[in-house]
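Given next are the chains, with one letter for each unit.
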Amino acid sequence: MSRYSREDIIRMIEEEDVEFIRLQFTDMFGSLKNLAVTTSQLDRVLDNRIMFDGASIEGFAPVEESDMRLIPDLDTFCIFPWRPQHGKVARFICDASYADGTPFRGDSRYVLKKVIKEAADMGYQFDVGPECEFFLFHSDDEGNPTTITHEKAGYFDVSPQDLGENARRDMILTLEDMGFIVEASHHENAPAQHEIDFRYEEALQAADGIMTFKLAVKTIAKRHGFHASFMPKPKPEFNGSGMHLNLSLSRDGENVFYDAENADHLSQEGYYFIGGIMKHIRAITAITNPIVNSYKRLVPGFEAPVYIAWSGRNRSPLIRIPAATGNTQRIELRSPDSAANPYLAIAVCLAAGLDGIRNRILPPNRIEANIFTMTEEERKAAGIECLPGSLLEAIQGLEQDEFIKNVLGEHLAQHYIRSKKKEWAEYCAFVTNWEIDRYLAKI
């Protein structure tokens, strides 16, 4: 059931003195875009008559089909609490469509909606709880972001060691004003690193929430003189930032993954779901870890998962089953980072899990040992393989996985692979400071 009707929207805009409306959408790389109009254009917005030039956005329409339409999701209506009290600013999250109103095949939100429908046709609802980590760095005198921080705080530290505590508090209050249910927050392991966890939601709302979360965090951080960065590995000497995804399926309000009789409290469908994700994880990684820098986080010694394995409480594998009972039972995928497009990341995880259920794909044996301390011979004997070690390896994995490419659709898969190969080639051609320091004087 929809939260808001057309009449609700008109009434709220009038009562709250809203002057500007932002129509937001997400490109294939997970970057938030928007087109702003005044409330004088509200009828056009609600009648789906706002057009934009899709040819100007990479991965969208070609020049000959560049006229595209924004279709607002009325249930995403929100008034930004950080804007002025008079002449307020509201937003809708929109779907992109062709000029004739048919869904745009390269719209990542549409990709997720298609997979959600597949799950619904099987009787399932998919819920996702993200754990978003980020850094709060100083900006320079011109307002440009840096990687500088003056704090030395670590895991669960408090003020005065935690210099970002006040900013994090304001972020939480802002998020709650926007309808988020924030379950926990804390300082993370690295200096200036933080985590805010909000309550799990149905998959589409969770993806919308991640995009809104990042916007709110960056906005409030700037007000406190910080730059909030979701870059996976901005500091080589410290742990990187991840976005663990807690995944669960329900049917008729009951958690499908829960089995009280099983040692893991995990049902057979839960095991199959894990099996599907592990089968497709190389291709999935190209989506959940989408930039060159993502693979600087996925290295041994910094707590991030490196090996394709699963366990119960053990935190060294890729997938673990957190301690939970009943409707809180879930599967935690620990590799994703916040550089990912959340719509695509959630879509490929759900599709792979459903593939596991349909085809009864069992995962390999669970691993209870600390994989980080195992020798290479021990890992080989246990059949433990590594995640892709670079963006190129991940993209090659995606190219070889027809199932995941089909989830993305031909248009988006082709554009995504082509763009990421170009990104990798540009990275390989760039001469880094490390190379200069290492080789210039010696060779």
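Here the structure is shown first, and the text comes after it.
Residues numbered from 1 in each chain as written. Predicted model: local features only at pLDDT ≥ 70, side-chain atom pairs only at ≥ 80, totals over all residues. Heavy atoms only, no water.

J.: Quick question: what am I supposed to make of the packing of aromatic side chains here?
T.: Two aromatic rings are characterised by how far apart their centres lie and by the angle between their planes. The full count for this structure, using the stated rule, is 18 aromatic pairs. Here F134 and F213 contribute two aromatic rings whose centre-to-centre distance is 6.4 Å and whose plane-to-plane angle is 65°, an arrangement assigned as edge-to-face. Of this pair, F134 sits in strand β6 (residues 125-138) while F213 sits in helix α5 (residues 203-223), and the two are 79 residues apart along the sequence. F134 gets classed as buried once you look at its relative accessible area, which sits at 0%. On the numbers, 5.1 Å between centres and 10° between planes, the contact of F135 with F137 is stacked. Of the residues examined, F135 reaches a relative accessible area of 0% and is grouped as buried. The rings of F134, F180, F198, F213 and F230 are connected pair by pair, giving a single aromatic cluster. When the ring centre of Y200 is taken as origin, the NZ or CZ atom of R199, which lies over that ring, is 4.5 Å away. (Phe/Tyr/Trp six-rings, centres within 6.5 Å; stacked < 30°, edge-to-face > 60°. Helix = DSSP H or I, 4+ residues; strand = E, 2+ residues; numbered from the N terminus. Buried < 20%, exposed > 50% of the residue type's maximum accessible area, 1.4 Å probe, protein only. Lys NZ or Arg CZ within 6 Å of the ring centre and 35° of its normal.)

J.: What exactly am I supposed to notice about the pattern of salt bridges here?
T.: Close approach of charged atoms allows side chains with opposite charge to pair. Applying the stated rule across the entire model yields 23 salt bridges. Here R11 makes a salt bridge to E15, at a shortest N to O gap of 3.4 Å. Remark: E15 and R11 occur in helix α1 (residues 6-15); sequence separation between them is four residues, near one turn of the helix. Here the residues in one salt-bridge network are D73, D95, R109, K113 and D208, joined through shared partners. (Salt bridge = Lys/Arg side-chain N within 4 Å of Asp/Glu carboxyl O.)

J.: Would you mind showing me how to read helix α4 (residues 165-177) here?
T.: Every α-helical turn comprises 3.6 residues, leaving residues that sit three or four positions apart pointing alike. Between its first and last C-alpha atoms α4 spans 19 Å; for 13 residues at 1.5 Å apiece the expected length is 18 Å, and the two agree. On its buried face, α4 sits against β6, β7 (182-187), β8 (193-198), α5 and β10 (226-229). At the exit of α4 stands G179, carrying a positive phi of roughly 100°. (Expected span 1.5 Å × (residues − 1). Contact = heavy atoms within 4.5 Å.)

J.: Would you explain the nonpolar core in this entry?
T.: Generally speaking, soluble globular proteins have nonpolar side chains that are buried together. F213 and F273 are the most contacted members of the largest nonpolar core, which has 95 residues in total. What F213 contacts, discounting residues up to four positions off in sequence, is C132, F134, L175, F180, I196, F198 and F230. Core analysis: the second largest hydrophobic core is formed by 24 residues, I9, L23, I57 and M68 among them. (Core = buried A, V, L, I, M, F, W, Y, C linked by side-chain atoms within 4.5 Å.)

J.: Whenever I open this one, the packing of helix α6 (residues 268-279) against helix α9 (residues 342-358) confuses me. Can you help?
T.: Angle between the axes and distance between the axes: these two values describe a pair of packed helices. Direction vectors running N to C along α6 and α9 enclose 120°, while the axes themselves pass 6 Å from each other. The angle between α6 and α9 falls in the class oblique. Taken as a pair, α6 and α9 cross one another with a handedness that is right-handed. Facing α6, whose interface residues are E269, Y272, F273, G276, I277 and K279, α9 presents C349, L350, A352, G353, L354, D355, G356 and I357. Of the residues belonging to the contact of α6 with α9, the class tally is eight nonpolar, three polar and three charged. (Axes fitted to C-alpha atoms, helices over the stretch in contact; angles between N-to-C directions. Parallel < 35°, antiparallel > 145°, perpendicular 65-115°, else oblique. Left-handed = near helix turned anticlockwise from the far one by under 90°. Nonpolar A, V, L, I, M, F, W, Y, C, P; charged D, E, K, R; others polar.)

J.: Just checking my understanding: could you explain the sheet that holds strand β5 (residues 88-98) for this structure?
T.: Note on sheets: strands pair through backbone hydrogen bonds, and any given pair is parallel or antiparallel. Pairing is mixed across the open sheet formed by five strands, whose spatial order is β2-β1-β5-β4-β3. In this open sheet, the two edge strands, each paired with only one partner strand, are β2 (32-38) and β3 (51-53). Strand-to-strand twist in this sheet, taken as the mean axis angle between neighbours without regard to direction, amounts to 40°. Of the strand pairs in this sheet, strand β1 (residues 18-26) and β5 are connected by six bridges, and their pairing is parallel. Residue pairing in the sheet places V18 in a bridge with K88 of β5. Sheet strands touched by α1: β1, β4 (67-79) and β5. Its angle to β4, the strand with the most contacts, is close to 70°. (Pairing = 2+ DSSP bridges.)

J.: Even after reading the chapter, I still don't get the pairing of β5, so can you show me in this structure?
T.: Within β5, 11 of the 11 residues are buried, which leaves it mostly tucked inside the rest of the structure. Alternating positions in β5 separate into two faces, K88, A90, F92, C94, A96 and Y98 on one and V89, R91, I93, D95 and S97 on the other, with burial throughout. Of the pairings in the sheet, the one linking β4 to β5 comprises eight bridges and is antiparallel in character. Among the inter-strand pairings, I79 is bridged to a residue of β5, identified as A90.

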